[in-house]
Amino acid sequence: MNLAGYRLARRDKASRKLAVVAPVVALLLSIALNFALYMAMGKNPVAVFQAMLIEPVISWPAFSEVLLKMTPLLLIAQGLAAGFRAKVINIGAEGQFILGAIFASAVPVWFPQISGLWVWPLMIVLGGIGGMLWAVVPAIWRVRLNASEILVTLMMSLIAAQLLNFLLVGPWKDPMGFNFPQSVIFPLDATLPLILPGTRVNVALAIALIWSVACWVYLQRSFQGYQLMVGGLAPQAAGYAGYSQSRAVWMSLLIGGLAAGLAGASEVAGPVGQLQRSIASGYGYSAIIVAYLGGLHPVGIVFSSLLIAILYIGGDNAMVSAGLPVAAVRVFQGSLLVCYLAAITLVRYRVIREPKGIRA
Amino acid sequence: MIGLSFVLSGMLAAAMPFLLAALGELVAERAGVLNLGIEGMMALGAVTGFVIIFHGFGHATGFLGAGLAGAALSLLFAWLALSLRANQVAAGLAIGIFGQGLSALFGKSYESMTVAGLPKLQLPLLADLPVVGGMFTQDIVVWLGIAATLAIWAVLRMTKLGLIIRAVGENPTAARALGYPVIAVRYCAVMFGGLMAGLAGAYAATVYTPLWADGMIAGRGWIALALVVFGTWMVGRLFFGAILFGAVSLAQLAAQANGVNLNSQLLASLPYIVTIVVLGLISSNKKLLKRNGVASLGVPFDP
């Protein structure tokens with residue numbers, strides 16, 4: 001690039017300091033951009049940001065809702081990041097999430113009177129299996145048929161949404177539910193135990209944090225995680241070293257599917273408490289942003305999932321207090337990733353001023 | 001058979017959102033850039049076109065605005081991917097999410113509203129044929145879309161410009177050595193892709209189903225991306241692929257017209273299922289992909 005005498009030169013070594021600074025820069029940049037957008041929409045930007053970014057973190061009831069929102073994002077993004085590092089781009093977490101929710105719901109839907117302390121763990125496990133099964137198709141398609149997992153995972157998500165619709169208007173519709181497209185309300189034992197008194201935060205947050213540690217160990221400390229990363233960074237070198245590309249694809253997609261499935265299960269068995277259409281509210285897509293924004297690093301993702309969760313809760317606040325449309329949150333999330341991708345350029349490149357006269 | 005003539009007459013219109021978006025993406029990919037943001041560009045084009053036409057400025061202005069909106073969003077993508085050398089996959093996803101968010105925001109107060117579509121134009125004589133006659137009764141955009149297909153085919157295949165675009169996609173280093181401005185060519189190709197995606201979105205929202213609803217693009221941008229693979233980067237094959245998808249997406253309506261009682265969610269999934277199946281069939285033929293594929297697709301050019 002040569003813009004007004006400046007050009008980019010690749011750094012010998014990526015700057016670690018800037019890798020941490022980049023997300024912060026991206027956040028400030030998107031705040032500035034959206035500030036202008038809210039002004040253009042005739043909203044008071046200061047009030048909007050007060051509701052969106054400050055209020056969710058200054059009161060405990062609001063912050064507990066942030067933790068609740070953060071849970072599925074954290075689970076899914078950790079799983080996706082493992083794949084993204086191996087250059088296996090699973091963008092179908094939304095579908096895997098839905099399948100996880102469906103599999104978990106099968107228990108209370110088929111056995112509405114069920115009770116026992118083992119019920120919710122069974123639902124979580126089933127959810128994980130459901131998510132993984134939905135990721136099997138793109139894995140086979142990529143490994144055996146050489147088909148792009150990007151497109152196949154996305155198509156699988158669109159199919160999953162239809163499957164959810166089918167169940168909710170058909171066989172799984174609550175017979176006493178006034179014809180609403182939703183399942184029966186789950187019995188108490190089919191919901192997750194709460195872990196923080198006075199809040200809706202449930203055991204899934206603990207699962208998500210344990211999952212994050214597991215991902216950190218797997219990616220940073222295990223040989224297989226290393227193989228996965230090398231396979232993404234230098235596929236040829238990985239091939240010479242005898243690492244199998246197919247295994248990387250399988251591992252990436254299964255881990256991503258498992259994570260999304262767990263998240264889906266913990267959503268229906270957690271704050272929602274029944275299977276309904278609104279569970280497919282785009283966590284699977286937001287988790288892509290979370291994963292990239294966290295630098296595809298397990299520790300970074302904890303922070304980025306917190307940030308995106310704040311935006312969700314804050315967005316709801318801003319809708320009530322400042323009349324901001326919900327879609328504005330999606331715009332903010334999108335602009336955040338755009339700004340981040342622009343900012344991380346400086347991690348890998350330096351900006352050099354080109355002396356006059358030798359411009360290309 | 002009612003079903004057959006119904007599908008024959010409707011499939012071209014149903015194919016247009018796929019065709020226009022896929023043609024643009026084909027040009028971008030031929031220049032070596034993979035733009036995964038098509039869905040968002042279509043959504044932004046759709047809402048822009050809809051709002052303009054809703055306020056009475058007419059379809060021509062609406063389509064112009066939609067094309068410009070798509071091109072503007074793709075310019076942002078090009079800046080990330082080409083100038084800042086961001087990961088093309090991540091940049092495409094980011095722009096796609098951003099575009100869908102913007103479309104939901106701009107379209108909020110137009111939810112479920114409708115506009116008037118476009119009148120159909122008949123080709124004389126041909127339109128009077130039995131069964132297939134309906135194929136020759138289409139709105140102007142369909143006719144222009146077919147003309148655009150021919151034009152893009154001709155430009156890529158027979159002109160120097162086409163040669164430059166393909167050279168930039170195959171071997172940017174060599175193209176640069178020959179004195180061609182690789183990055184500038186890629187910028188133009190990407191923006192052409194964004195323009196076409198915007199038009200495709202406008203067609204979907206103001207002609208094919210002249211109504212605005214959030215999420216109405218419903219994966220058609222992603223199917224357009226798949227269509228470029230189905231067509232193995234060739235315009236002719238892409239055209240027939242788009243028509244096939246037009247026909248498939250009509251299956252739901254055709255089934256209802258014939259009283260066939262198939263599950264409606266299954267029918268709605270049909271285009272996605274067909275995409276997965278065809279993608280598997282085409283991609284497994286590695287020879288075909290290698291012969292027709294674009295050598296440096298998705299690889300950032302770092303001069």
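It should be emphasised that the depicted structure is a prediction, and the values quoted were computed from it without experimental measurement.

### As for the overall build of chain B
Looking only at helices and strands, chain B features twelve helices and two strands. The C-alpha radius of gyration of chain B comes to 19 Å, within 12% of the 19 Å expected for a compact globule of 303 residues. When its C-alpha atoms are laid out on the principal axes, chain B stretches across 60 × 45 × 40 Å. Nonlocal contacts in chain B, meaning residues at least 24 apart in sequence, comprise 76% of its contacts between residues at least 6 apart. With an accessible surface of roughly 11900 Å², chain B has 71% of that area assigned to carbon and sulfur atoms. Charge-centre separation for chain B: the mean point of 15 positive side chains lies 14 Å from the mean point of 9 negative side chains.

### Examining a nonpolar patch on the surface
Residue and element names in this part refer to chain B. Together, Leu4, Leu123, Leu126, Leu129, Val131 and Val132 make up a nonpolar patch on the protein surface, roughly 430 Å² of accessible area in all. Secondary-structure assignment places valine 131 in the loop between strand S1 (120-122) and strand S2 (137-139). For valine 131, a relative accessible area of 44% gives the class partly exposed.

### Considerations on the interface of chain A and chain B
Residue-level contacts link 42 residues of chain A with 45 residues of chain B. Between chain A and chain B, roughly 3700 Å² of surface is buried when both sides are summed, and carbon and sulfur atoms account for 77% of that area. Counting every contact that joins chain A to chain B gives one salt bridge. Between arginine 330 of chain A and aspartate 214 of chain B there is a salt bridge, with the nearest N and O atoms lying 3.2 Å from each other. Viewed at the interface, chain B and chain A are joined by six residue pairs in polar contact (both at pLDDT 80 or more). Elements with a minimum of two residues in the side of chain A that touches chain B: strand S1 (6-10), helix H5 (119-145), helix H6 (149-169), helix H11 (283-293), helix H13 (327-343) and helix H14 (345-348) of chain A. In terms of residue class, the side of chain A that touches chain B is made up of 32 nonpolar, seven polar and three charged.

### Structural notes on the pattern of salt bridges
Residue and element names in this part refer to chain A. For the coordinates displayed, the defined rule picks out three salt bridges over all chains. When the shortest N-O distance is used, the salt bridge between glutamate 65 and arginine 200 registers 2.9 Å. Linking glutamate 65 in helix H3 (residues 60-85) with arginine 200 in the loop between H6 and helix H7 (203-221), this pair joins segments that are 135 residues apart in sequence. A relative accessible area of 23% means that glutamate 65 is categorised as partly exposed.

### Some remarks on the environment of proline 17 of chain B
Residues and elements named next belong to chain B. Residue position: proline 17 is located in helix H1 (residues 2-30). Expressed as a C-alpha distance, the spacing of proline 17 and leucine 199, which sit 182 residues apart in the sequence, is 8.0 Å. Each residue touching proline 17, except ones within four places of it in the same chain, is listed here: Met42, Ala200, Tyr203, Ala204 and Arg220.

### So, unusual backbone geometry
All names here are of chain A. At lysine 87, a position not held by glycine, the phi torsion is positive, near 60°. The backbone of asparagine 179 sits at a positive phi, close to 65°, despite the residue not being glycine. Mapped onto the secondary structure, asparagine 179 falls in the loop between H6 and H7. With relative accessibility at 59%, the residue asparagine 179 sits in the exposed group.

### Some words on the confidence of the model for chain A
When the pLDDT values of chain A are averaged, the result is 90; 97% of them are 70 or greater. Across chain A, the secondary-structure element scoring lowest on mean pLDDT is helix H9 (residues 235-240) of chain A, at 75, and the one scoring highest is helix H4 (residues 93-110) of chain A, at 97.

### A few points about empty space enclosed by the protein
Residues and elements named next belong to chain A. A full pass over the atoms with the stated rule returns one cavity of 30 Å³ or more. Its volume calculated, the largest cavity comes out at about 30 Å³. Lining the largest cavity are Leu68, Thr71, Pro72, Asn202, Ala204, Ser266, Glu267 and Pro271. Among the elements of the structure, H3 and helix H10 (245-272) are those that each provide at least two residues to the lining of the largest cavity. Residues of the lining of the largest cavity, tallied by class, amount to four nonpolar, three polar and one charged.

### Some thoughts on the environment of asparagine 34 of chain A
Residue and element names in this part refer to chain A. Mapped onto the elements, asparagine 34 comes out in helix H1 (residues 16-40). Each C-alpha atom, one on asparagine 34 and one on arginine 200, is 31 Å from the other, the two residues being 166 residues apart in sequence. Not counting residues up to four positions away in its chain, the partners in contact with asparagine 34 are Phe49, Val331, Phe332 and Ser335.

### Observations concerning the nonpolar core
Counting residues in each nonpolar core, the largest one holds 225 residues, and the members touching the most others are Tyr292 and Leu341 of chain A together with Trp222 of chain B. If one sorts the elements of this core by residue count, H1 of chain B sits on top with 17 residues. When residues no more than four places from it in sequence are discounted, the contact partners of leucine 341 of chain A are Leu80, Ala86, Ala90, Ala91 and Ala94 of chain B.

### Here we look at the side chain of glutamate 149 of chain A
Residues and elements named next belong to chain A. In this structure, glutamate 149 sits in helix H6. Looking at glutamate 149, the relative accessible area reads 5%, which means it is buried. Residue contacts for glutamate 149: discarding those within four places in its chain leaves Lys87, Val88, Ile89 and Arg142.

Calculation criteria
- Residues numbered from 1 in each chain as written.
- Chains lettered and ligands numbered in written order.
- Predicted model: local features only at pLDDT ≥ 70, side-chain atom pairs only at ≥ 80, totals over all residues.
- Heavy atoms only, no water.
- Helix = DSSP H or I, 4+ residues; strand = E, 2+ residues; numbered from the N terminus.
- Rg over C-alpha atoms; globule rule 2.2 N^0.38 Å.
- Contact = heavy atoms within 4.5 Å.
- Areas by Shrake-Rupley, 256 points an atom, 1.4 Å probe, with all protein chains shown as cover.
- Lys, Arg positive; Asp, Glu negative; His and termini not counted.
- Charge placed at Lys NZ, Arg CZ, Asp CG, Glu CD.
- Patch = residues over 30% accessible without salt bridge, like charges linked within 9 Å, V, L, I, M, F, W, Y side chains within 5 Å.
- Salt bridge = Lys/Arg side-chain N within 4 Å of Asp/Glu carboxyl O.
- Buried < 20%, exposed > 50% of the residue type's maximum accessible area, 1.4 Å probe, protein only.
- Buried area = accessible area lost by both parts, 1.4 Å probe.
- Polar contact = N/O pair within 3.5 Å; in protein donor to acceptor, adjacent residues only side chain to side chain.
- Nonpolar A, V, L, I, M, F, W, Y, C, P; charged D, E, K, R; others polar.
- pLDDT = per-residue confidence, 0-100.
- 1 Å grid on protein atoms, 1.4 Å probe; cavity = no way out; pocket = protein on both sides within 12 Å on 5 of 7 lines; lining within 4 Å.
- Points joined across faces, edges and corners; volume = space filled by probe spheres on them.
- Core = buried A, V, L, I, M, F, W, Y, C linked by side-chain atoms within 4.5 Å.

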